[in-house]
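Structural features, examined
Listed here are the chains, written in short residue letters.
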Amino acid sequence: MFAKRAALCAAIAALTATAVAACGGPSSTPTSTSGSGGTSAIAIGLQFATVNFNPWLVPNGPNYSLNYTSAVYDSLTTLTGPDKVGPGIATSWTEPNPTTLEMTLRPGIAFADGTSLDAAAVKANFDYARTASPAGSLVTYIKNLTTTVVNATTVRFTSTVPVTDLPFDFATGAGFIVSPKALAHPSSLNDQPDGSGPYTLDASGTISGQQYTFTRRATYWNKAAFPYGKVTLRVYSSQQALDSAVRSGQVQVAQGAAQTNAADKAAGLTVVPAPQITTAGIWINDEAGAAVKPLGDVRVRQALNYAVDRKAIAALGFGADGTATSLVVGPDSPGYRANAAASYPYDPAKAKALLAQAGYPDGFTLPMLSTQSGDLLAQAVAGYLRAIGVTVQISDHNTDFVQQATSGRWASMVFEWSMDPAAQSIASLVSANFGPHTPQQDAQIQALAAQVLGTTGTAQSTAIDQAVATINQQAWFVMVGTVGLTYSTANTVSCTDLGLATCLLSSLHPAK
């Protein structure tokens, strides 16, 4: 079973308003797809700026940072299609036994600072990532690894769990290699990457938080995989602004939304569909009740779930692109059971009764972290919770959402999380440290993660089922549903299905 990177983001794009407003993001003239320095130029619209250029520490998960990291870093392996892994820095690999992976590295690759990318550099990256502080989201995938230099072009990974998924993990975020010189001073990566990737950051075309411009490295070894001579990533503050940008030609690629797909098609854009593997809802960060005492009682968390009419919210926000569910997985993922997905039917009377049993008949106040693009989901949930006496205080953090999410300050937050496939994604989901847990919960969480990561085949399927059921019973989330995240592209751009987050930099090339 392959691992697909989990991605935390507050851009609940499918729940944004239908109107398209030309607001937010950098102003710019439309970007042509014919430029210098390569076959063409492309602009990609995003809703989040990169937190830093350290791929090991991206706290929001690598999916939403892949356009940034893949522009400047090489990966040990690459995706060549859905669930298909091809060579990258590593030209080949073998598994001498179920817990050992040995890789042969491509010779002659150098980092931007001139140093060689060899087995010692790979080992330096994994040694750093295992102990980096604060820990990045990728630690779940690499914490069990021991890295050994066999020779300059051979590296061996040994693990306490099966390594079958490692080549795919490396291709989807856990295999980007940074110059050891930069890792020795990791703060240098806050604004300046140091990799061996296809592009270098162009400071003259970059405004931090708004626009990032990358130009081709003339000596890059794999130009055919990245045909554009210039790549511009533009950040917009809302889905409306993002959709406006792709329709007007300011960008040629942008994540879409259920409400705008038909209009995008009518405007001549190509809408690229995606399977329903992304869960959306509210993360209950404060399961220990450290900041908001009622949340420490499972009856209260269950009451929040009974209070929400997720079918109504999903129908309005997702339409045919989504499915209402109280589970952390959807119908296109392992662990999904239709009867369990309806285990929290809309029942405000039961929600009030549970609150009263827990000692909170008059409700309580719940702070919630959101962004402008996530507000419709937050407000929809808040409206239902208000009916049972719970007052939700929504706070928008559009430019520093990720920093806020990982600060430990917030009792709840709006989120999306990719759940394909379930095993590694569940392990990341339950292990992510966005808030305090009780020792009992910590033990449960580690046990769940160990079960789904340490087994294969039928045993893993059983572990996934048990993990999904436990998460649901403990009500660590107020799930709304699952959705397929579509992308809209100009007709000058072709998007190849690599089976990841649909239209990323590595899957884009000029249309023929």
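Residues take numbers from 1 onward in each chain, read along the sequence in its written order. Owing to the predicted nature of the model, reporting of local features is limited to residues with pLDDT of at least 70; listing and counting of side-chain atom pairs is limited to 80 or more, with chain, interface and lining totals taken over all residues. To get the side-chain values, all heavy atoms of the structure are used, and hydrogens and water are removed first.

**Brief notes about the confidence of the model for the chain**
In the predicted model, the chain carries a mean pLDDT of 84, and 88% of its residues have values of at least 70. Predicted confidence for residues 1-37 stays below pLDDT 50, and this span has 162 contacts to residues more than four positions away or in other chains. The pLDDT value expresses, per residue, how confident the predictor is, ranging between 0 and 100. The contact criterion used is simple: two residues touch if any of their non-hydrogen atoms lie within 4.5 Å.

**Thoughts on the pairing of strand E7 (residues 154-159)**
With five bridges joining them, strand E5 (residues 100-105) and E7 adopt antiparallel strand pairing. Each residue of the ladder has a partner; that of threonine 100, found in E7, is threonine 158. Pairing between strands is defined by DSSP: at least two bridges between them are needed. By definition, any uninterrupted DSSP run of H or I lasting at least four residues is a helix, any uninterrupted run of E lasting at least two residues is a strand, and each is numbered from the N terminus. Pairing of strand E6 (residues 145-151) with E7, which is carried by six bridges, proceeds in the antiparallel orientation. Of the residues in E7, the one forming a bridge with valine 149 is valine 155. Linking E6 back to E7 in an antiparallel pair, the connection comprises two residues.

**Description of the state of the cysteines**
In plain terms, two cysteine sulfur atoms within 2.5 Å form what is called a disulfide here. Counted by the stated rule, this structure contains one disulfide. Paired through a disulfide, cysteine 495 and cysteine 503 show a sulfur-sulfur distance of 2.3 Å. Between cysteine 495 and cysteine 503, the disulfide has an S-S torsion of -115 degrees and is therefore left-handed.

**Quick look at the packing of helix H8 (residues 298-307) against helix H11 (residues 348-357)**
The relative placement of two packed helices is expressed as an angle between their axes plus a distance between the axes. An axis is simply a line fitted to the C-alpha atoms; with a helix, the fit covers only the stretch in contact. Between two such axes, the angle follows the N-to-C directions and lies from 0 to 180 degrees. Between H8 and H11, the shortest axis-to-axis distance is 8 Å and the interhelical angle comes to 165 degrees. By the angle between their axes, H8 is roughly antiparallel relative to H11. Along this stretch, H8 crosses H11, giving a crossing that reads as left-handed. Between H8, through Arg299, Val300, Gln302, Ala303, Tyr306 and Ala307, and H11, the contact on the second element is made entirely by Pro348, Lys350, Ala351, Leu354, Leu355 and Gln357. Note that Gly is not counted as nonpolar here; it falls among the polar residues with everything else outside the nonpolar set of Ala, Val, Leu, Ile, Met, Phe, Trp, Tyr, Cys and Pro and the charged set of Asp, Glu, Lys and Arg. For the contact of H8 with H11, the residue count by class is eight nonpolar, two polar and two charged. Should an angle lie under 35 degrees it is considered roughly parallel, over 145 roughly antiparallel, and from 65 to 115 roughly perpendicular; all remaining angles are considered oblique. Put simply, a crossing is left-handed when the front helix is turned counterclockwise from the back one by less than a right angle, and right-handed when it is turned clockwise.

**Brief notes about the nonpolar core**
Core analysis: the largest hydrophobic core is formed by 61 residues, its most contacted members being Leu76, Phe126, Phe157 and Phe214. Setting aside chain neighbours within four positions, we find leucine 76 in contact with Pro87, Gly88, Ile89, Ala90, Met103, Leu105, Val122, Phe126, Phe157, Phe170, Gly175 and Ile177. If you look at the next biggest cluster of nonpolar residues, it comprises 37 residues, including Val292, Tyr306, Ala314 and Val480. The criterion is simple. A nonpolar core is a set of buried Ala, Val, Leu, Ile, Met, Phe, Trp, Tyr and Cys residues joined through side-chain atoms within 4.5 Å. Relative accessibility decides the category of a residue: with a 1.4 Å probe and only protein chains considered, values under 20% of the type maximum give buried, values over 50% give exposed, and everything between is partly exposed.

**Side note on unusual backbone geometry**
In this model, alanine 475 sits at a positive phi of 55 degrees, which is unusual for a non-glycine residue. Looking at the secondary structure, you find alanine 475 in the loop between helix H16 (457-474) and strand E18 (477-483).

**Here's the deal with the sheet that holds E7**
The antiparallel open sheet is built from four strands, whose spatial order is E4-E5-E7-E6. The open sheet is flanked by strand E4 (90-97) and E6, the only strands paired with a single partner. Taking the axes of each pair of neighbouring strands and ignoring which way they run, one obtains an average angle of 20 degrees across the sheet. Where helix H2 (residues 119-131) meets the sheet, it contacts E5, E6 and E7, and its direction lies at approximately 165 degrees from that of E6. Here helix H4 (residues 166-174) sits on the sheet in contact with E4, E5, E6 and E7, set at roughly 55 degrees to E5.

**Regarding the side chain of threonine 172**
Within the secondary structure, threonine 172 sits in helix H4. Owing to a relative accessible area of 0%, threonine 172 belongs among the buried residues under this scheme. A distance of 2.8 Å separates a polar atom in the side chain of threonine 172 from the backbone oxygen of phenylalanine 168. Any N or O atom pair separated by 3.5 Å or less is treated as a polar contact, with the protein-specific requirement of one donor-capable and one acceptor-capable atom, and with residues adjacent in sequence counted only for side-chain atom pairs.

**Things to note about the pairing of strand E16 (residues 391-396)**
When strand E15 (residues 365-370) meets E16, the two strands line up parallel, connected through six bridges. When the bridges of E16 are listed, leucine 369 appears paired with serine 395. Note that the unit made of E15, helix H12 (residues 375-386) and E16 has a crossover that is right-handed. Whether a crossover is right-handed comes down to one check: with the strands pointing away from the viewer, does the path from the first strand over the helix to the second run clockwise; if it does, it is right-handed.

**So, the pattern of salt bridges**
We count a salt bridge whenever a side-chain nitrogen from Lys or Arg sits within 4 Å of a carboxyl oxygen from Asp or Glu. Within this structure, the stated rule accounts for six salt bridges. The partner of aspartate 264 in a salt bridge is arginine 247, with the nearest N and O atoms 2.8 Å apart. With a gap of 17 residues between them, aspartate 264 in helix H7 (residues 261-266) and arginine 247 in helix H6 (residues 239-248) connect regions that are remote in the sequence. Since its relative accessible area comes to 34%, arginine 247 is described here as partly exposed. When salt bridges with common partners are traced through the structure, they connect Asp243, Arg247 and Asp264 into a single cluster.

**Re the side chain of glutamine 474**
Inspection of the secondary structure assignment puts glutamine 474 in helix H16. Contact partners of glutamine 474, with chain neighbours within four places excluded, come to Val298, Arg301 and Gln444.

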